[in-house]
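# Survey of secondary and tertiary structure
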Amino acid sequence: MHEKMWVTPFLLVGEGAVLLKIVVIKTTTTFPILPVLHRRGCALAAVAAKRIRLCGSSWDQSFSFIGGRTVNTREPHKNPLLFFLETAIISFQRLRVKMARAKFWLLTGLLMQALYVFEPTRGEEDDTAGEEGEEECRLLGKFDLRGYVNAEDAMHVIGGMFPMHFRTILEEDPTSTPPNSPKCEGFNFRGYRWVKAMIHAINVINKDEDLLPGIKLGYQIYDTCYTMSKTVENSLAFLTGQNETTPVFRCSTGAPLAAVVGAGGSTLSIASSRILGLYYFPQVGYASSSLLLTDKYQFPTYLRTIPSDAVQSKGMADLVHHFGWRWIGTIAADDDYGKYGVKAFKEKVENTYTCIAFSETIPKIYSREKLKKVVETIKNSTATVIVVYSSDIDFHPLLEEMMVSNISSKTWIASEAWVTSALIARPEYFPLLGGAIGFGVRKGDIPGLKEFLLDVRPGEDPEDDMAIEFWQSAFNCTWPNANISYNTDNRKNVTGHENRVNFASDVLCTGKENLAELNNTYLDVSELRITYNVYKAVYAVAYGLEQLRTCEPGHGPFSSGPDCTKIDEFEPWQLMYYMKNKMTFSVLGEDVHIDDKGDVYTSYDILNWQKGENGEVAFVPVGTFNMTTENDMEFHIQNDSIFWNNPAGARPRSTCNLNCQPGYRKGILQGKPSCCYDCIRCAEGQISNITDARECTGCEEDYWSNNERNKCVLKEVEYLAYEDALGITLIALSVFGALVVLSVTGVYIKFRNTALVKANDRELSFLIQFSLVGTLMTSILFIGKPEDWSCMSRQVTLALGFSVCLSCVLGKTVTLCLTQLAMNSKVAEKARMLVKPICQKIIVLNSVLTQVGIVCAYLILNPPRMYKNTQFSITKIIYECNEGSILYLCVMFGFDVFLAILSFLTAFVARKLPNNFNEAKFVTFGMLVFFIVWISFVPAYLSTRGKFKVAVEIFAILASSFGLLGCIFVPKCYIILLKPLRNTEEIVGGRAATNDKSAPPTSASCTSEVNNTTVSTVLED
């Protein structure tokens, strides 16, 4: 096969430069071109050569020329063509020293133009005729970039990327036609103002004699259209120029690129920084606050004049916690700014008490179906506070959809990207967004900016199509003889104008419209926040260049080569050193410091949306958030200055469900966030006196919860009080019993000399009566609030009273028992005769002294105490007596029981005495009543609690006392008072018979029938 190749040189001579292109033409295989660029007058002149690979051969040659010197020849010159070219160029380089530059370049051009090289045949035969090949090397495409470029006479150019349009026009089927750079639509007045602010800043710096004196800065500004594709195109254009898309060469005319300002949104800056960072070009952001850009491993050359979202997210979290909002919704743009911003906010705001109700995203590409789903989520959620991390451009479509759905009574927390945006802050949106609280970056007043913004002349420069589009969009008119579209919207199914695409006006622009009367965001310089950041970003680049310019040789930072570099000859990484390590400067009175991570810490203004006097939305400062370091921050807010957009005009509450009122606590709902809970009533004895209490607190020992469970009140105290009906009744019975006993005593005193009173020891009878009065009155000690003294006295008095009474009864029944036994036994008769009245008193005395000893031991060793009993009732305190030692108590009352048993036995033995009045029989009945009462008392006492337990004991005391009184003394009083004729010694002694069958027999006479004779013995005192 025959193959030919021609190397055809083309010489292009321009002002101060010669561009030599060698185009390889072949017949079969595509062959790359060899670009050689030489700029005359440049400090860094270069002739760069890439590989030349001849089709079908192994000849591979790489060479480059730097400063006219050949370097890096990788292989022997097997190709005569290449050898000739190299030799010719070296010769001409040597000749250039002796010739004038103009003649040199002219001679070179003529020589290369005349050169024709024929490649020998390789193969079996030469094809002398040859086939005419076609040029295979071509550009894949050119970018449709719009913006402003002014690099004339400039030493350095500062690049800029700004969203001068809202979006690009999407192609329905991009594969059916050749790919073209997308067009943009939706003119962004706010972004256009940012462009003008950058140009104004550069103009001010060029006029400043102290900053970069004698050095003129130019600018190269492109429109990102707020899309990533356009941002990437811009970044490649900065690196390669408009005429080439290869990111190795910068082929654009003008001064070298120093740094780039931009690119607007965080996602756009991330995309551009990944490209610019490869070549270590400095990039300064003005509105990109994403946390990702802090990572210097991924973005080594990115700096910014806006704080990171870590600062804003912390401020938002503090705001939510300050107002006690617990159930928060989040909405994020579907980009790095929104997603990572919401992620940082969640990490700082979520805790046990604050949860995220929902997290929705706004689609980057308009989709009404997706927007409707977001709106439905907002409507159905109980969250009334919603955080929106989005740009104004992304948030606007969702806002339109919410206006159609008539959403209201929501409080919005705005990020800095839209809080002061004129696209959002419109009066028609105030019913929805009124009362919003947002974080605005620090604003500044830029001198001369308003005048510069007014200096727009669209008719003077016919190539300034951006000014013409601005004029058309601002005044809604069409510029004559200009094919520049405006007010178009190619999105499908857009809320509000579903069937319209072109909103252009038929009115022609005159160019004489008064721009000063324009009322839109372009001329609004009252809230220069992002605009001020643009201004500072340009100054950051200028101060970096100034430090590079003022470097003193011998004190420079660079180790390889000269320690200082020249202002007109430096690499991007050298400028980046100053911008990264020494970036502290002052702009309009503000000290700006960019740390080694490329971040700044500036204060945020907390703004509240309120309606101004003119009906427009006013951004009223209600607080500040200043974070100087990661651990040093200040949060201040004025609650009274905030406008709340709800019917009550009060601070809204945002919870998953209704607040748990005092008296209730929050209970966990399975499968729900911790902020969603069930309200559970506090248990008895526990309270919650705050709203949304997580736990109920127990009351102190003497307190109990009220019915509402929101307050601890003193427990109900239970004891047998004097004022209780039961207490009054028992006191009345006690007093009545005592009066009855005293009446009996009175009868005994009055008839003390009668036979019946004197019979069987009158003194013991009086002693029994007084002991009964004591036991009856002892019951009163059981009534009333127990005290230590009353607890010790009540049981002791009762035991002593019964011991006196029972010992006296025992003294009487012993005599009767011996009388009964004497009827059948002479020994018993003798014993009866020996028992004198003094012996009865000795029995009483010994019994009482024994009981006194037991009582003293009881009171000394383990006495009773007052005790608050809460074991049997948690709602009340039972005041009762802790009896102390149960052993001593049992011994004490056990001794009384012992006396009662002896009295019962002796009385039972003497019950059949044949007397006219058998007292032993009635004592037996009295003891039986006593036993029945106290045996019944034990189970009743043990089964009752509180005051009824005391009442049972009092009833037992009264019943036993009345039983003894009735059985022992009532029969005698009956005879004394109603049958006085029987109260004689003859009848009582049994010496005279009685015909009164109703009268009970008397035991005053003891009759013995022995040997058919009757012996009567009268027991006298």
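Just above, that's the structure.
Let me begin by describing the structure that accompanies this report. (Residues numbered from 1 in each chain as written. Predicted model: local features only at pLDDT ≥ 70, side-chain atom pairs only at ≥ 80, totals over all residues. Heavy atoms only, no water.)

Here the focus is the overall build of the protein. Counting its secondary structure elements, the protein contains 25 helices and 37 strands. Every one of the 1021 residues in the protein was classed for burial, and the buried ones make up 50%. Taking as baseline every contact in the protein between residues at least 6 positions apart, the subset at least 24 positions apart corresponds to 67%. Roughly 48300 Å² of accessible area belongs to the protein as shown, and the carbon and sulfur atoms make up 56% of that amount. (Helix = DSSP H or I, 4+ residues; strand = E, 2+ residues; numbered from the N terminus. Buried < 20%, exposed > 50% of the residue type's maximum accessible area, 1.4 Å probe, protein only. Contact = heavy atoms within 4.5 Å. Areas by Shrake-Rupley, 256 points an atom, 1.4 Å probe, with all protein chains shown as cover.)

Here we come to empty space enclosed by the protein. Counting across every chain of the model gives twelve cavities of 30 Å³ or more. By volume, the second largest cavity is sized at about 200 Å³. Forming the boundary of the second largest cavity are 16 residues, of which Trp194, Tyr226, Ala287, Ser391 and Ala417 lie nearest the centre. The set of elements that each furnish at least two residues to the lining of the second largest cavity consists of helix H3 (189–207) and helix H9 (392–405). (1 Å grid on protein atoms, 1.4 Å probe; cavity = no way out; pocket = protein on both sides within 12 Å on 5 of 7 lines; lining within 4 Å. Points joined across faces, edges and corners; volume = space filled by probe spheres on them.)

One pass over the full model with this rule turns up 25 salt bridges. The shortest N-O distance in the salt bridge between Glu185 and Arg167 comes to 3.1 Å. Remark: Arg167 occurs in strand E11 (residues 165–168) and Glu185 occurs in strand E12 (residues 184–187); sequence separation between them is 18 residues. Among the salt bridges present, the one from Glu590 reaches Arg442, with a minimum N-O distance of 3.7 Å. Pair noted here: Glu590 is in strand E23 (residues 590–593) and Arg442 is in the loop between strand E21 (437–441) and helix H11 (449–454), with a separation of 148 residues, a long-range link. Connected through salt bridges with shared partners, the residues Lys443, Glu527, Arg529 and Asp605 form a single ionic network. (Salt bridge = Lys/Arg side-chain N within 4 Å of Asp/Glu carboxyl O.)

Per the stated rule, a full pass over the model turns up nine disulfides. For Cys477, the disulfide goes to Cys509, at an S-S distance of 1.8 Å. Looking down the S-S bond of the Cys477 and Cys509 bridge, the torsion is 100°, so its handedness is right-handed. Of this pair, Cys477 sits in the loop between helix H12 (465–475) and helix H13 (530–549) while Cys509 sits in the loop between H12 and H13, placing them 32 residues apart in sequence. Relative accessible area serves as the criterion here: at 3%, Cys477 is assigned to the buried category. Linked covalently through their sulfurs, Cys682 and Cys696 form a disulfide whose S-S length is 1.9 Å. (Disulfide = S-S within 2.5 Å.)

Bringing the packing of helix H21 (residues 886–909) against helix H22 (residues 919–943) into the picture now. Running from N to C, H21 and H22 point in directions that differ by 145°, and their axes come no closer than 8 Å. Once H21 is placed against H22, the crossing between them reads as left-handed. Where H21 abuts H22, its residues Ala900, Ile901, Ser903, Phe904, Ala907 and Phe908 lie against Ala920, Val923, Thr924, Met927, Leu928, Phe930 and Phe931. When grouped by side-chain class, the residues that make up the contact of H21 with H22 number eleven nonpolar, two polar and no charged. (Axes fitted to C-alpha atoms, helices over the stretch in contact; angles between N-to-C directions. Left-handed = near helix turned anticlockwise from the far one by under 90°. Nonpolar A, V, L, I, M, F, W, Y, C, P; charged D, E, K, R; others polar.)

End to end, H21 covers 34 Å across 24 residues, agreeing with the expected 34 Å (1.5 Å per residue, within 8%). Those residues of H21 that fall on the buried side of the exposure criterion are Leu889, Met892, Phe895, Asp896, Leu899, Ala900, Ser903, Phe904, Thr906 and Ala907. (Expected span 1.5 Å × (residues − 1).)

Here Thr944 shows up in the loop between H22 and helix H23 (947–968). A polar contact of 3.4 Å, which involves the side chain of Thr944, links it to the backbone oxygen of Tyr941. Residue contacts for Thr944: discarding those within four places in its chain leaves Lys949 and Val952. (Polar contact = N/O pair within 3.5 Å; in protein donor to acceptor, adjacent residues only side chain to side chain.)

Attention now moves to the sheet that holds strand E19 (residues 385–389). Spatial strand order, E18-E17-E19-E20-E21-E24-E25-E26: eight strands in an open sheet with mixed pairing. Of all the strands in the sheet, just strand E18 (355–362) and strand E26 (633–637) have a single pairing partner and so form its edges. Going from strand to strand, the sheet's axes swing by 25° on average, the running direction of each strand aside. The pairing of strand E17 (residues 327–333) with E19 spans five bridges and is parallel. Counted as the bridge partner of Ile331 is Val388 from E19. Lying on the sheet, helix H7 (residues 336–349) is in contact with E17, E18 and E19; it crosses E17 at an angle near 160°. (Pairing = 2+ DSSP bridges.)

Turning our eyes to something else, we now look at a nonpolar patch on the surface. On the surface, Val735, Leu739, Leu742, Phe770 and Met777 cluster together into a nonpolar patch covering about 430 Å² of accessible area. Every element with two or more residues in the nonpolar patch is listed here: helix H15 (725–750) and helix H17 (762–781). Per element, the largest residue contribution to the nonpolar patch is three residues, and it comes from H15. Within the secondary structure, Leu739 sits in helix H15. (Patch = residues over 30% accessible without salt bridge, like charges linked within 9 Å, V, L, I, M, F, W, Y side chains within 5 Å.)

Right, let's get into the nonpolar core. If you look at soluble globular proteins, the nonpolar side chains tend to sit buried side by side. Counting residues in each nonpolar core, the largest one holds 106 residues, and the members touching the most others are Phe162, Tyr192, Met198, Val261, Phe345, Phe470 and Leu545. When sequence neighbours within four positions are dropped, the list of residues in contact with Leu545 reads Leu212, Leu217, Ala258, Ile567, Phe570 and Leu575. Within the second largest apolar cluster, 60 residues are counted, among which are Leu772, Val844, Tyr858 and Phe937. (Core = buried A, V, L, I, M, F, W, Y, C linked by side-chain atoms within 4.5 Å.)

Before going further, it helps to spend a moment on the sheet that holds strand E33 (residues 716–718). If you walk across this open sheet you meet the three strands as E33-E35-E34, and the pairing is mixed. This sheet does not close on itself; its edge strands, each paired only once, are E33 and strand E34 (865–869). The average undirected angle you get between the axes of adjacent strands in this sheet is 30°. Note: E33 against strand E35 (residues 876–882), three bridges, orientation parallel.

Turning our attention to unusual backbone geometry. Generally, phi is negative for residues other than glycine and the peptide bonds are trans, each holding for most cases. Residue Ala263 is reached from Gly262 by a cis peptide bond, and omega for that bond is 20°. Within the secondary structure, Ala263 sits in the loop between strand E14 (257–261) and helix H5 (266–276). Non-glycine residue Leu212 carries a positive phi angle of around 50°. Relative to the elements of secondary structure, Leu212 occurs in the loop between H3 and strand E13 (217–223). Residue classification places Leu212 among the buried positions, given a relative accessible area of 2%. Unusually for a residue other than glycine, Asn476 sits at a positive phi of about 50°. Following the sequence through the fold, Asn476 ends up in the loop between H12 and H13.

Scanning all chains against the criterion turns up 44 aromatic pairs. When the centroid spacing of 6.2 Å and the interplanar angle of 75° are considered together, the rings of Phe439 and Tyr604 count as edge-to-face. Placement of the pair is Phe439 in strand E21 and Tyr604 in strand E24 (residues 604–611), with a sequence separation of 165 residues. Using a relative accessible area of 0% as the deciding quantity, one classes Phe439 as buried. (Phe/Tyr/Trp six-rings, centres within 6.5 Å; stacked < 30°, edge-to-face > 60°.)

Attention shifts here to the environment of Tyr366. On the secondary structure map, Tyr366 appears in the loop between E18 and helix H8 (368–380). Put simply, Tyr366 and Leu398 are 32 residues apart on the chain and 9.5 Å apart in space, counted from C-alpha to C-alpha.

Most of E17 is tucked away, with seven of its seven residues classed as buried. Burial of the side chains of E17 extends over both faces: Trp327, Gly329, Ile331 and Ala333 are buried on one face and Ile328, Thr330 and Ala332 on the other. In terms of strand pairing, E17 meets E18 through seven bridges, oriented parallel. Residue pairing for E18: Ile328 is matched across the bridge by Ile356.

Here H17 crosses H23 at 160°, and the two axes come no closer than 9 Å. If you check the angle between H17 and H23, you find them roughly antiparallel. The two elements H17 and H23 meet at a crossing, and its hand is left-handed. Residues Leu772, Thr775, Leu776 and Ser779 of H17 pack against Ile954, Ile957, Leu958, Ser961, Phe962, Leu964 and Leu965 of H23. Looking at the contact of H17 with H23 residue by residue, the class counts come to eight nonpolar, three polar and no charged. (Parallel < 35°, antiparallel > 145°, perpendicular 65-115°, else oblique.)

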